[in-house]
Structure formats: C-alpha cells, structure tokens
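Descriptive analysis of the structure
So the chains spell out like this:
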Amino acid sequence: MKKILSINKKIESFNKSIDVQGDKSLSIRWVLISSLSKKKSIAYNLLKSEDVLSALECIKVLGSKVKLSKDKCEIIGVGLNPKIKNKTTFNAGNSGTLGRLILGLLVNSKSKIKLIGDKSLSQRDFSRVVQPLEKFGAKFNSKKTLPLEMKGLDKPKAINYLEKKGSAQCKTTVMFAALKSKGETIIKAKKSRDHTELIFKYLKLPIKIKKKENYDIIKIKEVKKVNSLNYKIPGDISSCAFFIVLTVLSKKSELLIRNININPSRIGIITILKKMGASIHFKNQKIYKGEQIADIFVKSSKKLKSINCPIKYNSSAIDEFLIIFLVAAKAKGTSKFKNLSELNQKESPRLVWASKILKLMGIKNITTKDSIKIYGNPQKVVDKKIIIKNFFKDHRVFMMSVIAALTFGGKWKIYDTDSIKTSFPKFLEILRKI
Ligand code: S3P
C-alpha cells in the first residue's frame, strides 16, 4: 500500500450500491465473548482489520483456538477460568476497545498480566477502567496509561458502579468482570452503545436492564458457563458514515449501502444529518439477534442547514463527528457542537485535528477543549494544496481528509494510507468502485 494518497479532483456524480465491512464493535465483542465458551463459535463477515486481528491474537494467548478463513472465523474458547502464566503479555495494538475490554475479562487472573499497545494507545487514558477494576479487587502498577500490569484475583467481588461518561468501553469492561464476580454487579450507566447487553440477553446470561431517560441500570450475576455464539456480523455504520457524507456532499448522486447495523445507540449521525437537511432512508429493516439491520439509501442534498447539536446525540455519534463536521462546513449558517471532550481521548485528539483540517481548508471554526463552532458556507470550494500528516495514524482523520478532498476540491496529499487497516481496510477499494 502506498504511504501517501494524492487527490487532485472532486468526485463525479454517481449512482451505486455498496457493502461496507463488518461492524468493529460487534466483531471485537464476538471474539472476546467466544473465548468465554468452551464450545465452537462461528462468525461470518467478521471484520478483518488490525483491531480485530489483535483481539484474535489476545484470545490465542489465553489458549483459545482460532481458525480464520476467507468467509468465516471459528473460535473454540477457554471458558471462564483460563490458566494464565505469570507476566503473560497481551498486545491491544491500536484498539482502545480491545485494551479496555480485555482487562475486564482478565479480572480473575491470579497471575500478573501485562497489557501493551502501540504509540497512540499508550497515550490514552486507562484510569477509566482501572478504577472500577480496582473495586473488583484487581491490583495495578500504573493507574493511567499503558504499558500496565494487572493482578486479578480468584474470586472478584461484585461492585456497584456509576458510569458517567457514556462510554460503552467502560460499561462493557465492568460487564465482563461482573460475569466472573461473586454476587450481583449493579451498573448505572449513561446511555451508550448496547451491543454487549444484547449479546448477553441473546446468550441468556443473567442480566437485567431497566432503561431510564438518560441512564440504564444494568444488573449482572456471576455465571458458571457461557454458551457458544454464532453470528453474522452486519456492516459498520461508522464505516458507512464516510460514504453517507460523500453522497450528501456530492452533486446529483445516490447510494445504497446494504446490511448495516442501525442499532439506535449508533445512529446519531443519521439523526443529526437529517436535521441538517440530508435525505437518508432505511430500507428492508429487520431484527437479528436483538440488533436492528437495514439498507441505507442516501441522496445528495442541495440545501443543508446548520445545527446547534443537542448533546443527547453525542454518545450515539461519537465516532462520526469528524465526518459530520464536513457537512457543517457546507451547511448554511453556524453549527455548534458541545460537551465533546471525549473526542480528544480517541486515537488522536480529534477535536484538535478537525479544527486544523477545517482551517487548512479555509473554513472558519472556533474550537475549545470540548466544543467546536463551524461557520458553514454552501459555496465553499478548496483550490489550494493541503498536506495532512502526523495525525497518529488515526484512521478516521485519514478517511475524513479523503472525503473532504473528494467533495471540496483542492490538491491534497494525505499521509499514512495504512491507517485505514485498523478499522476499514477496504475503504479505498470500495471508494474506487464508486
Ligand atoms: C466503542 C465505544 C466508543 C467508540 C469506540 C468503540 C465500543 O468508545 O468511540 O470506537 O466498541 O465499545 P467509548 O466507549 O470510550 O466512548
């Protein structure tokens, strides 16, 4: 793969249908949950990206057997009490989801384990999961960042936990630890993606959920065994998002994206873009193992208007804001997005990067630690040279830049093409078909 991508021309109008790759959150969860069963689990359309491959490597280190072929993946797991040697190292690569979730699974490891990751992951905050895991009884060497060492305990004790950030990673880490802990863990969690809850329910694990307006109360008891989980992973809305915006911002274009997970906790982008005037519809809706799936039909939009984005959409659009900001840049009026400090906790400080890229494009924005105000201009055309590099190989910064180049114009050089391997290796291949 060439390291630098050059784009010198806007995309022509198109009328196509595409598939995107499997959902990353579901793929990582399927891998980790399958490792808890001693029976064979099979997944189709598992996302074969570096983050998911790192998850497969981690469960192999635990002793699981993995068979990965072109169209399916089989896992025979190790159950709830794997034998782990002292100082076993788990490498989460670039993945915050894997790094955090695996610590929950390892809470009952009496042997010391070491968790490492790449440069970007080693700068991210782990105190958010260290704190609840310490309540379960685990001991850590470092409180905040990787590399870290954890020593769990034979019989962790259930905890009460308040999750205030709306982080599905923190919630799921605690949910995994709860399966291995004596008693009933009670989580009061600000709303966030609920894939783990849906899988636990499907597997008939002892989970009870009470949904309140902003919070869910989740109760989980210890289990003695976990059944195998066969799964057809639907397409990832977070990958789909780049193509949705490409279509919205292109002239006279239409796109059908098939078989996408439209779990309500993930489709903030659809709600936000529709409020801004985009034409997006779901077709062939169905339910699969608790998840909602649909084809997404999107058309280019001539009249886009600004938004004062309600913070209640933040969690369900958390991975899509970079690309939403491009729509704000083409919309009439000033758009405001608030309470987004979490965006600077991702693979790169994304609010900082969004602001930088928009400024390079000549789009006025005022950005603070947790907010951005974008002065949109429907007539905006970029006609200068733009170089994007040193962005911690953040896959979503790369893909945002590509879509900006194709829809606003200009002469772009975007470094680190291989950054897409973490979440969406086929991004450029699919784009070329359009
Ligand atoms: C994820 C949760 C989100 C999201 C990440 C995937 C998950 O992170 O940004 O890409 O699969 O649980 P937070 O839970 O930290 O918001």
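What you are looking at is a predicted structure, and each value in this text was computed from that prediction instead of being measured. (Residues numbered from 1 in each chain as written. Predicted model: local features only at pLDDT ≥ 70, side-chain atom pairs only at ≥ 80, totals over all residues.)

Here the focus is unusual backbone geometry. Cis geometry is adopted by the peptide bond preceding P147, which originates at L146 and carries an omega value of 0°. Mapped onto the fold, P147 is located in the loop between β8 (139-140) and β9 (148-151). In the Ramachandran plot, K204 falls in the positive-phi region, its phi being about 60° despite a non-glycine side chain. Take K204: it is sitting in the loop between α6 (195-202) and β12 (207-211). Residue K289 is not a glycine yet carries a positive backbone phi of 45°. Inspection of the secondary structure assignment puts K289 in the loop between β16 (279-288) and β17 (291-299). (Helix = DSSP H or I, 4+ residues; strand = E, 2+ residues; numbered from the N terminus.)

If you check the shell around the ligand, you find S25, T97, S167, A168, Q169, T172, S192, R193, I318, D319 and E342 and nothing else. Broken down by element, the residue count for the shell around the ligand peaks at 3 residues, all from helix α5 (residues 168-179). Of the domains in this structure, domain 1 (4-22 + 235-433) and domain 2 (24-224) are the two that each give at least three residues to the shell around the ligand. (Near = placed C-beta within 6 Å. Domains from an automatic or database assignment.)

We now examine the domain arrangement of the protein. With domains assigned, the protein is organised as domain 1 (4-22 + 235-433) and domain 2 (24-224). With centres defined by C-alpha atoms, the gap from domain 1 to domain 2 works out at 29 Å. At the interface, 24 residues of domain 1 touch 24 residues of domain 2. Among the residues forming the side of domain 1 that touches domain 2, the class breakdown is 3 nonpolar, 13 polar and 8 charged. (Contact = placed C-beta atoms within 7 Å. Nonpolar A, V, L, I, M, F, W, Y, C, P; charged D, E, K, R; others polar.)

Our next topic: the sheet that holds strand β4 (residues 65-68). The strands that make up a sheet are held in pairs by hydrogen bonds between backbone atoms, and each pair lies either parallel or antiparallel. With mixed pairing, the 4 strands of this open sheet are ordered in space as β4-β5-β3-β14. Of all the strands in the sheet, just β4 and β14 (231-232) have a single pairing partner and so form its edges. Direction of pairing for strand β3 (residues 40-44) relative to strand β5 (residues 72-76): antiparallel, over a ladder of 5 bridges. Paired with S41 across the strands is I75, a residue of β5. (Pairing = 2+ DSSP bridges.)

Contact geometry for helix α1 (residues 24-34) and helix α3 (residues 96-105): axes closest at 11 Å, N-to-C directions at 25°. Here α1 lies roughly parallel to α3, going by the angle between them. Between α1 and α3 lies a crossing whose hand is right-handed. The segment α1 lies against α3, with S25, I28 and L32 engaging T97, L98, L101, I102 and L105. The residue inventory of the contact of α1 with α3, partitioned by class, reads 6 nonpolar, 2 polar and no charged. (Axes fitted to C-alpha atoms, helices over the stretch in contact; angles between N-to-C directions. Parallel < 35°, antiparallel > 145°, perpendicular 65-115°, else oblique. Left-handed = near helix turned anticlockwise from the far one by under 90°.)

Below, the discussion takes up the pairing of β16. Taking burial as the measure, the 10 residues of β16 include 0 buried ones, a minor fraction of the element. As defined by bridge partners, β16 adjoins β17 across 8 bridges and the pair is classed as antiparallel. Within the sheet, the bridge partner assigned to H281 lies in β17 and is F297. (Buried ≥ 20, exposed ≤ 12 C-beta atoms within 10 Å, placed from the backbone.)

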